[in-house]
Amino acid sequence: MHQYLKAIGFDNIHTRKELLRLLSEVERDFTHQTIVSYKPGEDFCEYQKEYGQCVGITLCGELDEREEFGQAYYFPYFEGSGISTFAEIIVERKIEKEQYVGMCEDSKIGISLIFTLQNGIEYMREKQAGFTAGLTTSVTFSGLALSGTILLPVIKNEQQIRSEQAASDNRKMLLSAARNGDQTAIETLTLDDIDTYSKVSRRLANEDVFSIVDTYFMPYGVECDLYSIMGEILAVRTRYNRATGVKLYQMKLNVNEMQFDVCVPADSVMGEPEIGRRFKGTIWLQGYINF
């Protein structure tokens with residue numbers, strides 16, 4: 001049973017029987033259906049059913065010559081908005097099933113981002129057409145969270161904002177140069193990190209860590225597409241799962257200058273989300289490649 005069903009409002013699924021009933025409903029009353037040629041005598045089929053605005057379940061499997069569907073896997077999805085990043089994308093198939101993960105490097109984050117691909121069947125079509133070699137395009141990220149905490153913002157004056165922006169721009173240029181093999185940039189980044197660690201260590205003696213760290217984006221646990229994040233809330237929308245009536249918060253966040261949407265059950269959020277405050281939680285990162 002997928003752990004993140006709860007993130008889109010399905011906290012009532014507790015047994016295998018209840019799950020199979022839900023997946024049968026997706027197959028029977030789907031909102032979208034996409035089919036792509038897969039193997040001789042078999043097609044790969046994707047059913048999607050919306051259960052609320054921008055949220056739903058994707059069910060994938062094989063469709064044989066007699067139009068009989070064999071379930072392979074499913075996952076809950078949340079559609080993000082806007083463009084999160086523009087970069088070179090690497091897509092790899094999972095070992096055990098016809099599901100795909102993507103990877104890209106964003107200079108604002110400073111790490112390689114690995115995400116579950118929402119439009120894997122569209123990627124299969126592009127791959128068959130031969131258009132995916134050295135793919136550089138935009139990606140719309142979104143995150144599903146099981147819970148979260150709302151934090152107050154860090155108060156800054158205009159001079160501090162300008163200084164942080166200049167430091168961020170300089171770091172992005174250094175990261176870009178370091179990726180191209182610039183030894184001076186690599187050494188400068190290393191010295192900056194040591195200096196930052198020293199400053200933070202001194203401040204932690206008298207300050208709370210969340211008053212020092214404004215936002216962060218870092219890997220969480222052993223799953224490659226799970227991340228621990230904290231970011232500024234730019235917009236908040238209240239939505240409901242039409243099947244269960246569960247209230248959801250859909251928030252647009254600014255995390256390390258990268259913007260993307262996060263969906264989380266309202267009753268699992270500690271605090272009241274408002275624009276300007278910060279959201280802290282663990283997300284399962286999904287991405288939609290804009291071919």
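The present account deals with the structure reproduced in this document. (Residues numbered from 1 in each chain as written. Predicted model: local features only at pLDDT ≥ 70, side-chain atom pairs only at ≥ 80, totals over all residues. Heavy atoms only, no water.)

### Details of the pattern of salt bridges
Then, in step 1: Per the counting criterion, the structure on display carries 7 salt bridges.
Then, in step 2: Residue Glu96 pairs with Lys97 through a salt bridge whose shortest N-O separation is 3.9 Å.
Then, in step 3: Where salt bridges share partners, they join Arg237, Lys252 and Asp261 into one cluster. (Salt bridge = Lys/Arg side-chain N within 4 Å of Asp/Glu carboxyl O.)

### With respect to the packing of aromatic side chains
Two numbers describe a pair of aromatic rings. These are the distance of the centres and the angle of the planes.
Then, in step 1: Applying the stated criterion across every chain yields a total of 10 aromatic pairs.
Then, in step 2: On the basis of an interplanar angle of 90° and a centroid distance of 4.9 Å, the ring pair of Phe10 and Tyr51 is categorised as edge-to-face. Of this pair, Phe10 sits in the segment before α1 (16-28) while Tyr51 is found in strand β2 (residues 42-52), placing the two residues 41 residues apart along the sequence.
Then, in step 3: The exposure class assigned to Phe10 is buried, which follows from its relative accessible area of 5%. (Phe/Tyr/Trp six-rings, centres within 6.5 Å; stacked < 30°, edge-to-face > 60°. Helix = DSSP H or I, 4+ residues; strand = E, 2+ residues; numbered from the N terminus. Buried < 20%, exposed > 50% of the residue type's maximum accessible area, 1.4 Å probe, protein only.)

### What about the sheet that holds strand β3 (residues 55-64)?
Then, in step 1: What the 4 strands build is an open sheet, ordered β1-β2-β3-β4; its pairing is antiparallel. Both edges of this open sheet fall to β1 (32-39) and β4 (69-78), since each of them pairs with a single strand only. The sheet shows a mean angle of 20° between the axes of neighbouring strands, direction not considered.
Then, in step 2: Two elements, β1 and β2, share 7 bridges in a ladder whose sense is antiparallel. Opposite Val36, over in β2, you have Phe44 as the bridge partner. (Pairing = 2+ DSSP bridges. Axes fitted to C-alpha atoms, helices over the stretch in contact; angles between N-to-C directions.)

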